[in-house]
Amino acid sequence: MAKFPRYAIYYAPPEASLLDRFGNSLLGYDARRGVDTAFADGITEAIADWRELTEDARKYGFHATLKAPFGLADGRSEADLVTACRDFASVPRAIPLIRPVVDAISGFIAVIPGERSDALQGLAADCVRAFDPFRAPTTPEDRARRKPEALTPRQVEYLDVWGYPYVMEEFRFHMTLTCRLEAARREPILAMLQARFAEMKLAQLAIDQIVLFRQSDPRARFRIIGSWPLTGCASPA
């Protein structure tokens with residue numbers, strides 16, 4: 001069984017920002033306060049099963065994964081991890097800037113970059129490496145849950161080395177809004193969410209902080225327990 005509590009290093013938008021309110025209102029959950037929130041106006045009237053379509057995403061809160069959830073390795077503490085987050089954020093680096101769009105990714109609907117960002121790929125890879133010493137070894141049950149038989153050889157290699165298959169060049173930044181949907185169901189929902197997103201006129205998004213999430217037990221939702229602004233040094237890509 002997985003070790004609990006579990007922790008994850010994510011990106012989450014600044015508190016009360018337009019994107020923060022957008023994501024929280026679609027998922028119906030605020031991970032900072034650990035409370036349910038009202039769904040966006042009209043969403044449950046337009047889509048009767050919206051609560052069910054967002055159930056899995058709601059468990060994790062509105063975020064983009066940088067280091068996937070993990071239990072702590074023996075000899076490591078939450079205080080150690082908090083210190084490591086602060087130290088990581090203090091290292092000067094290029095702050096990724098992306099053009100956020102709402103689109104489909106592997107059947108899910110999510111906020112994703114409009115174009116590839118090398119700085120963002122680098123930030124994610126740095127997070128994977130920097131925080132891996134805190135990760136407890138992957139259990140056979142957790143490995144099986146990732147369905148290695150459905151992964152590519154490189155993804156299986158990354159699963160075994162890093163505990164998660166979608167890292168390094170396999171990483172794709174995404175802030176999930178729905179479960180996986182069949183195309184016929186997905187297309188009208190995607191169009192609706194794209195229209196709602198366009199209303200924010202959010203042309204650019206700086207991935208300028210890391211956020212530490214904690215899940216206390218298997219039934220609990222993830223909650224934010226700390227965030228740290230990244231230290232910029234050069235022109236972002």
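Residues numbered from 1 in each chain as written. Predicted model: local features only at pLDDT ≥ 70, side-chain atom pairs only at ≥ 80, totals over all residues. Heavy atoms only, no water.

Peer 1: Sorry, what's going on with the environment of Phe-171 here?
Peer 2: Mapping Phe-171 onto the fold places it in the loop between α8 (153-162) and β8 (175-176). With 136 residues separating them along the chain, Phe-171 and Val-35 place their C-alpha atoms 30 Å apart. Sequence-distant contacts of Phe-171, defined by excluding residues within four places in its chain, comprise Thr-65, Leu-66, Leu-120, Gln-121, Ala-124 and Tyr-166. (Helix = DSSP H or I, 4+ residues; strand = E, 2+ residues; numbered from the N terminus. Contact = heavy atoms within 4.5 Å.)

Peer 1: So what exactly am I meant to see when it comes to the layout of surface pockets here?
Peer 2: Space left empty within the atom packing is revealed by a probe, the size of a water molecule, rolled over the atoms. Taken as a whole, the largest pocket holds about 1,200 Å³ of empty space. Taken together, 32 residues form the lining of the largest pocket, with Phe-108, Arg-146, Tyr-164, Tyr-166 and His-174 sitting closest to its centre. Among the elements that take part in the lining of the largest pocket, helix α4 (residues 55-60) stands out by supplying four residues, more than any other. Of the residues contributing to the lining of the largest pocket, the split by class is 16 nonpolar, seven polar and nine charged. (1 Å grid on protein atoms, 1.4 Å probe; cavity = no way out; pocket = protein on both sides within 12 Å on 5 of 7 lines; lining within 4 Å. Points joined across faces, edges and corners; volume = space filled by probe spheres on them. Nonpolar A, V, L, I, M, F, W, Y, C, P; charged D, E, K, R; others polar.)

Peer 1: Before we go on, may I ask you to explain the packing of helix α1 (residues 18-27) against helix α9 (residues 183-198) in this structure?
Peer 2: For any two helices packed against each other, the geometry comes down to the angle between their axes and how far apart the axes lie. Axis separation between α1 and α9 bottoms out at 11 Å; the angle between their running directions is 150°. Classified by the angle between their axes, α1 and α9 sit roughly antiparallel to one another. When the axes of α1 and α9 are compared, the crossing they make is right-handed. Of α9, the residues touching α1 (which contributes Leu-19, Phe-22 and Leu-26) are Leu-193, Arg-196 and Phe-197. Its residues placed into classes, the contact of α1 with α9 shows five nonpolar, no polar and one charged. (Axes fitted to C-alpha atoms, helices over the stretch in contact; angles between N-to-C directions. Parallel < 35°, antiparallel > 145°, perpendicular 65-115°, else oblique. Left-handed = near helix turned anticlockwise from the far one by under 90°.)

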